[in-house]
Amino acid sequence: MKKKDDIVSKESGFLDEDDVEASRTSMSSNTGSSGGDDSFNVNDISASENKQVLVSKLIMIVVLLCAAFGVGYATWAFTSNTEQEDFESSFEGFANEIIQVSQINANAEFQALKALALSVTAYSLGAASGEWPFVTIMPSFYWEGHNTMAQMGASWIILTPIVTEDNRETYEQYVIDNQGWRNETWEQIGRIGPPPGPVAECIFRYNYTDWSTKCDNGTADFTFDPELPFYAPVHGVSVPLDNGLPGGYTQNNAWADPIIPPIAKEMMRTGEGVLSEAFGSSVYGQEFSGDVMPDSYLAMPVYDSFHEGENVTIVSFLTAAITWNFFSDILSDEGTAGIYLYLENKCGSTFTFRIDGPNVTFVGPGDLHDPHYDYLEISVNATDLRTPAQCRYVMNLYPSQEFEDQYRTNRPAVFTVGAIMIFVITALFFFLYDCLVKKRQNVVVASANRTGALVNSMYPKDVRERLLADERDNAGHESKMFGLPMVGNHSNSLTASTMSSSNNGVLFYNTTPIADYYPEGSLMVADLVGFTAWSSEREPAQVFVLLETLYGEFDRIGKRRKIFKVETFGDCYVAAAGYPEPMENHAVTICRFANECRRETTNIVHKLEVYLGPDTGDLKLRVGISSGPITGGVLRGSKSRFQLFGETYDNTFAVRNQSQAGRIHISQATADILKAKGRTKWLVPTEKTVVFQDNITSKTYWLKIRQAGKTFTNDTAVDSSDQASVTSDADHELDVIERSMNNNKKKRLVDWIVDSLTRSLKMIVAMRDQNKRVEKSSSVVPSLNPLDELAEIITLSSDKNDFKCDPSTVELPPAVLKQLQKYVSAIGDLYHENDFHNFEHACHVAQAITKLLSRVVSTHTIDTTTMAYVQKGEASDLHDNTFGLTSDPMIHFACVYSALVHDADHPGVSNAVLVKEGSELAEFYNQKSVAEQNSVDLSWNMLMQDEYKDLRKCIYTNQAELERFRQLVVNSVMATDIVDKEQSAFRKGRWNKAFSSEDGEDETEKEMTDRKATIVIEHLIQAADVSHMMQHWEVYIKWNEKFFRECYMGYLDGRQDSDPSQGWYKGEMGFYDFYVIPLAKKLETCGVFGVSSDEYLNYAKANRKKWELEGEQIVERYLANFRADHPPPESACTTAQQDLFRNELEC
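Residues numbered from 1 in each chain as written. Predicted model: local features only at pLDDT ≥ 70, side-chain atom pairs only at ≥ 80, totals over all residues. Heavy atoms only, no water.

Draft legend 1. Local environment of the overall build of the protein. Assigned secondary structure in the protein consists of 34 helices and 29 strands. Looking at the protein residue by residue over its 1147 residues, the buried ones come to 51%. Contacts in the protein between residues far apart in sequence, at least 24 positions, make up 72% of those at least 6 positions apart. (Helix = DSSP H or I, 4+ residues; strand = E, 2+ residues; numbered from the N terminus. Buried < 20%, exposed > 50% of the residue type's maximum accessible area, 1.4 Å probe, protein only. Contact = heavy atoms within 4.5 Å.)

Right, dumping it as structure tokens:
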């Protein structure tokens, strides 16, 4: 691989043999400059603390283990206790709910049966016949009993009057005589079941063993209980309706049921309702059934009156068979499962229920709950009802494992493991850190080296060593500024860490300032001519691309030549040789450095023109060099750096200011050193003198370099005053170089246009659905003049979809790229060599359009450096805010395409001249927008040729896309004819309808959006066409003079009647007032171009103001420049030419 200096010396032809040798010496000395005291001994620093680090690691391990155990246990205990508390509190809440509701239900059943007893009493008091027991059952007993059963959940209810032995026979006959009520009741219930049969002739009792019956008439096998000396025959029965009307129970003695006598005794004794013990449902004398709820009887006395006290007598009683379901439907939460209810009768009857939400299951007799939960027992009286022998029921509630499981989760384990894992991970990271200590130390060393490199780039070696020495002196100490402690570090050592206050309150540094006097050396100051105007046409990112590329190359050259870079500000680059490190050949070295920088600038700007647009290749480096003593040092404070001061510094800037584009200007002091070093051949005297401070004048020189018998100069165009000072060989070489650059300019502009259109094509392809079938589209447009196709509204795409793929990943077919390159070149060939309406002007318009489109708030934007697309906003929102301009890449392509073709084949005169001359084009296009229509037709017909078929298929894939592309091009190019009054009035009316109070109420939202988009597109190209008037002053003057020269040439050729110079000054002000400034305001009104609208408006106003002050003198300069470039012809002249030259030379 070749060395870079060999490539430079052999390929560029700008360095002589001494130059190459010096470069090699510089490279070798740079290579060996590191080491020794310049390096930081980080390894020694870290080794001294290894012991402390080891102890710290051991302590950390112990702390982590203890903390992991403690936090893990605490986490487990806390989360477990929390779940236990939730479990216990939830059980307690549900248990209390069960107790409360069950007691309410039991009391409700008692009250329901008592209400029925009162109804019976009320009926008996109103009966027409006799007294108890000779009372006929009330006809509604069955229905009221049925309702009471529903309220109580009872199986049946019976009414048993009290019959003594004395009135037994009378009662039996009474029942037989009055049994008609039974048929009436049967009729009332709808004759359900068989009709009731005749009642028994005597009071009998069932034998519950063989279900036989026997009259209780005082026989030997029946005796009265001393506490119950009477009969209790069933007189009325209420059972579920489906069972019909039972007839066989009437006259059945209730004492036959062994459960009833005990509760009847307690009832007779207390006069209150009594609840029996539990027994197997409907199976007397048998054990409890595991799948059937236990039952009990509830006896309720019936009195002969409503009076209270001793005057009332129990004449009958009601008995209801109820199921132990007081706690059914208590819990509505179906997710609550597993509460056990142990019901205990103090006389020995016990059984267990399980409650699962609203469902209650009888588990079985006895205590069947899990004794593990005895500690959570809740025990209360199940009911306040009386029981025989005061054997009251007690309700005991317990949770179960299933209930607890509802509140038990894996959270304690998860949280505990999580807490421990935190410490485990911390420990792993700690051990990983420990394993990577050596690697970390290497990183620290590398970081220190990078820091040293940064310091090296900011400060010279001796200055750096003094800064480090001051830092070491202040290490370990705290200094105070305004009473606040500040720890010393590199940054603070330059600001406040070494500062203190004097008695008078003045703040000063404790250390000696870092400053030196350098007796000799050379300084170079360089900047770019035309940079300010160029940057006004670019995006900020493009400006930085240029500067970073140039400065980066200068830095590489300077490093190789041991040049010290002092500073950069804006486009100005300052470098020195001999400061601060002494250099014997400082003047020779700085001249070589400046010459190489100038050459590389020329190469770089021409290469970047393809990416950064027109006029980039016109930028040239202007250099000034001077030599002499200088003061340099570090001004400590915020953002400190090494700086130079003194007369030499100021003189160098003065020499630079008097330099020219592409040339290196040398002071007399530098020239004297070059002469002493035998480099007199490099010097070309100028007739200029530079005025330094104190009005001291000095002669200056241009730099030239000779190689291998040939002379090269660094200038691109030598002033006439210096012609004698430069050899003809040097002029010849410069002409060859400049001619080569100029010949390639059109190619660079073509490449830039191709690059811009390629990016738009990639966006078009990326927006398409690749799976969608391509429709056949016609390549022929109806044979109309473009002006006849002008549309009031262009129907644009309403699709808000984003890219289907990343445009930067799209690869266009080679045939498309080749045809695009060929087409743009062919369009460039259509442009004539006019001063203004030429291919360079088309590229300038395209550049302005590209900038304006980039300022539209877009869904994607282009990274100027990587040429990649990056997201900027949501597509749907931006589509609405920008009238759809961001959603259709076809608009971007069509705008740049329109800029490219809008002045193709322009004749260099206005449409009015063409119409006046009666040209064929004017006749063909009906004297309307002649040049514009011709440009559209020529470029479109060329695009429709068969050799560009692949390019067309890439631009559009169906007829709709073709028509939209055509309409965009026609409207855009036609909009550049701003003189046609009909078109101007047409566009003004559309603007007012879209953006003023004249709303298009009859238009849809889509039509109004398309109308606004159409207007914005047309104003976009209008603004781009005159963008030079809304850009930097130098850009404006450059293109304004080109337009003046074109118009003046038309006048001299006799094609224009009036001398444009006579009204040019006022015409420009009028054009600003009535077209340019209002146009800039419209860009601001439409609200889609961001800050560019403000930028254009500000430039337009500033340029107009400056033109008003200087315009007349500028027009005179235009004329003088034109006359200098166009001497009077030797042949016959036109009248205009005679007028022009009548005061100078005769024709």
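Draft legend 2. Main features of the side chain of Arg-679. Within the secondary structure, Arg-679 is located in the loop between helix H18 (668-676) and strand S25 (683-691). Judged by relative accessible area, Arg-679 falls into the buried class, the value being 14%. Reaching out from Arg-679, the side chain makes a polar contact with the backbone oxygen of Lys-677 at a distance of 3.2 Å. (Polar contact = N/O pair within 3.5 Å; in protein donor to acceptor, adjacent residues only side chain to side chain.)

Draft legend 3. Broad picture of the pattern of salt bridges. Applying the stated criterion across every chain yields a total of 43 salt bridges. Of the charged contacts in the structure, one is a salt bridge between Arg-759 and Asp-755, with a shortest N-O distance of 2.3 Å. With Arg-759 and Asp-755 both in helix H19 (residues 728-767), this residue pair falls 4 residues apart, about one helical turn. Exposure remark for Arg-759: the relative accessible area of 13% places this residue in the buried category. (Salt bridge = Lys/Arg side-chain N within 4 Å of Asp/Glu carboxyl O.)

Draft legend 4. Focus on the nonpolar core. Within the largest apolar cluster, 107 residues are counted, with the highest numbers of intra-cluster contacts made by Leu-761, Tyr-823, Ile-849, Ile-955, Phe-965 and Trp-1107. Examining the composition of this core, we find that 12 residues originate from one element, H19, more than from any other. Beyond its immediate sequence surroundings of up to four residues, Trp-1107 is in contact with Trp-1033, Tyr-1036, Ile-1037, Asn-1040, Trp-1064, Tyr-1065, Glu-1068, Met-1069, Ile-1114, Val-1115 and Tyr-1118. Counting residues in each nonpolar core, the second largest holds 50 residues, with Ile-98, Trp-132, Trp-181 and Ala-320 among its members. (Core = buried A, V, L, I, M, F, W, Y, C linked by side-chain atoms within 4.5 Å.)

Draft legend 5. View of helix H20 (residues 814-830). Here H20 spans 25 Å end to end across 17 residues, near enough to the 24 Å set by a 1.5 Å rise per residue. Those residues of H20 lying buried are Val-816, Gln-819, Leu-820, Tyr-823, Val-824, Ala-826, Ile-827 and Gly-828. (Expected span 1.5 Å × (residues − 1).)

Draft legend 6. Quick look at the sheet that holds strand S7 (residues 314-323). Pairing in this open sheet of 5 strands is antiparallel, and the strands run S4-S1-S7-S6-S5 from one edge to the other. In this open sheet, the two strands that pair with only one neighbour each are strand S4 (236-238) and strand S5 (274-275). The sheet contact formed by S5 and strand S6 (residues 295-303) spans 2 bridges and is antiparallel. Looking at S6, one finds that Leu-275 is bridged to Leu-298. Relative to strand S1 (residues 154-161), helix H5 (residues 141-152) is tilted by about 135°, and along the sheet it contacts S1, S4, S6 and S7. (Pairing = 2+ DSSP bridges. Axes fitted to C-alpha atoms, helices over the stretch in contact; angles between N-to-C directions.)

Draft legend 7. Region of the structure containing the environment of Asp-618. When you line up the elements, Asp-618 lands in the loop between helix H16 (586-612) and strand S21 (620-627). Beyond its immediate chain neighbours, meaning those up to four positions away, Asp-618 contacts Lys-745, Glu-840 and Lys-1038.

Draft legend 8. Highlighting the UniProt feature "transmembrane region" (unreviewed entry) in the protein. Here the UniProt-annotated "transmembrane region" (unreviewed entry) positions come out as residues 58-78 and 413-433. The annotated region residues 58-78 carries 100% helix and 0% strand content, and the separation between its end C-alpha atoms amounts to 30 Å. Helix and strand shares over residues 413-433 are 100% and 0% respectively, and the end C-alpha atoms of the span are 29 Å apart. (UniProt positions renumbered as here; feature names shortened; annotations may be inferred.)

Draft legend 9. Local environment of the packing of helix H29 (residues 981-995) against helix H30 (residues 1005-1025). With their axes 10 Å apart at the nearest point, H29 and H30 run at an angle of 130° to one another. What the angle tells us is that H29 and H30 run oblique. H29 and H30 meet at a crossing whose hand is left-handed. Along the contact surface, H29 presents Arg-987, Arg-990, Trp-991, Lys-993, Ala-994 and Phe-995, while H30 presents Met-1008, Arg-1011, Lys-1012, Thr-1014, Ile-1015, Val-1016, Glu-1018, His-1019 and Gln-1022. Of the residues belonging to the contact of H29 with H30, the class tally is 6 nonpolar, 3 polar and 6 charged. (Parallel < 35°, antiparallel > 145°, perpendicular 65-115°, else oblique. Left-handed = near helix turned anticlockwise from the far one by under 90°. Nonpolar A, V, L, I, M, F, W, Y, C, P; charged D, E, K, R; others polar.)

Draft legend 10. Structural context of the confidence of the model for the protein. Mean pLDDT for the protein: 78, with 74% of residues reaching 70 or above. Every residue in residues 1-42 scores below 50 in pLDDT, and together they form 58 contacts with partners more than four places removed in sequence or on other chains. (pLDDT = per-residue confidence, 0-100.)

Draft legend 11. Up close: unusual backbone geometry. In this chain, Trp-132 is followed by Pro-133 through a cis amide linkage whose omega measures 5°. Cis geometry marks the peptide bond from Tyr-579 to Pro-580, where omega comes out at -10°. You can see Pro-580 is positioned in the loop between strand S20 (572-577) and H16. In this structure, Asp-615 is a non-glycine residue whose phi angle is positive, near 75°.

Draft legend 12. Representation of the packing of aromatic side chains. Taken as a whole and judged by the stated rule, the model has 44 aromatic pairs. On the basis of an interplanar angle of 70° and a centroid distance of 6.5 Å, the ring pair of Tyr-518 and Phe-642 is categorised as edge-to-face. Of this pair, Tyr-518 sits in strand S17 (residues 515-518) while Phe-642 sits in strand S23 (residues 642-645), placing them 124 residues apart in sequence. Both residues of the pair, Tyr-518 and Phe-642, belong to the buried class. Consider the rings of Phe-1071 and Tyr-1075, whose centres lie 5.2 Å apart with planes at 20°: the pair is stacked. Of this pair, Phe-1071 and Tyr-1075 both sit in helix H32 (residues 1060-1086), 4 residues apart, which is roughly one turn of that helix. (Phe/Tyr/Trp six-rings, centres within 6.5 Å; stacked < 30°, edge-to-face > 60°.)

Draft legend 13. Representation of the side chain of His-369 in the model. Relative to the helices and strands, His-369 is located in the loop between strand S10 (359-365) and strand S11 (378-381). With relative accessibility at 10%, the residue His-369 sits in the buried group. Here Asp-367 takes part through its side chain, which lies 2.4 Å from a polar atom of the side chain of His-369. Here Asp-374 takes part through its side chain, which lies 2.5 Å from a polar atom of the side chain of His-369. In this structure, His-369 is in contact with Tyr-340, Thr-352, Asp-374 and Tyr-398, ignoring residues within four places of it in sequence.

Draft legend 14. Just H5, in detail. An ideal rise of 1.5 Å per residue puts 16 Å on 12 residues; H5 measures up with 16 Å between its terminal C-alpha atoms. All of the buried residues in H5 are Phe-141, Tyr-142, Gly-145, Thr-148, Met-149 and Met-152. Buried positions in H5, seen along its axis, are confined to an arc of 125° and lie on one side of it. Facing away from the buried side of H5 by over 90 degrees, the exposed positions are Ala-150 and Gln-151. (Arc of directions from axis to C-beta.)

Draft legend 15. Representation of the pairing of strand S22 (residues 630-634) in the model. Most of S22 sits inside the fold, with 4 of its 5 residues counted as buried. With 4 bridges connecting them, S17 and S22 associate as antiparallel partners. When the sheet's bridge partners are listed, Asp-516 is paired in S22 with Gly-632. Bridging between S22 and S23 involves 4 bridges; their strand directions are antiparallel.

Draft legend 16. Molecular detail of the sheet that holds S10. Strand order in the open sheet formed by 5 strands is S10-S9-S8-S12-S11, and the pairing between neighbours is antiparallel. The sheet is open, and its two borders are formed by S10 and S11, each paired with just one other strand. Neighbour-to-neighbour, the strand axes of this sheet turn through a mean angle of 25°, independent of strand direction. Strand direction decides the pairing type here: S11 and strand S12 (residues 393-399), joined by 4 bridges, are antiparallel. Looking at the pairing, Val-380 lines up with Met-395 of S12.

Draft legend 17. Main features of a nonpolar patch on the surface. Nonpolar side chains collect at one region of the surface, where Val-417, Ile-420, Met-421, Val-424, Ile-425, Leu-428, Phe-429, Leu-432 and Leu-436 lie side by side and expose about 760 Å² of accessible area between them. Exposure remark for Val-424: the relative accessible area of 34% places this residue in the partly exposed category. (Patch = residues over 30% accessible without salt bridge, like charges linked within 9 Å, V, L, I, M, F, W, Y side chains within 5 Å. Areas by Shrake-Rupley, 256 points an atom, 1.4 Å probe, with all protein chains shown as cover.)

Draft legend 18. Looking closely at the environment of Glu-553. Tracing the backbone through its elements, the reader meets Glu-553 in helix H15 (residues 540-561). Given the relative accessible area of 11%, Glu-553 is considered buried. For the pair formed by Glu-553 and Glu-600, sequence separation is 47 residues and the distance between their alpha carbons is 7.6 Å.

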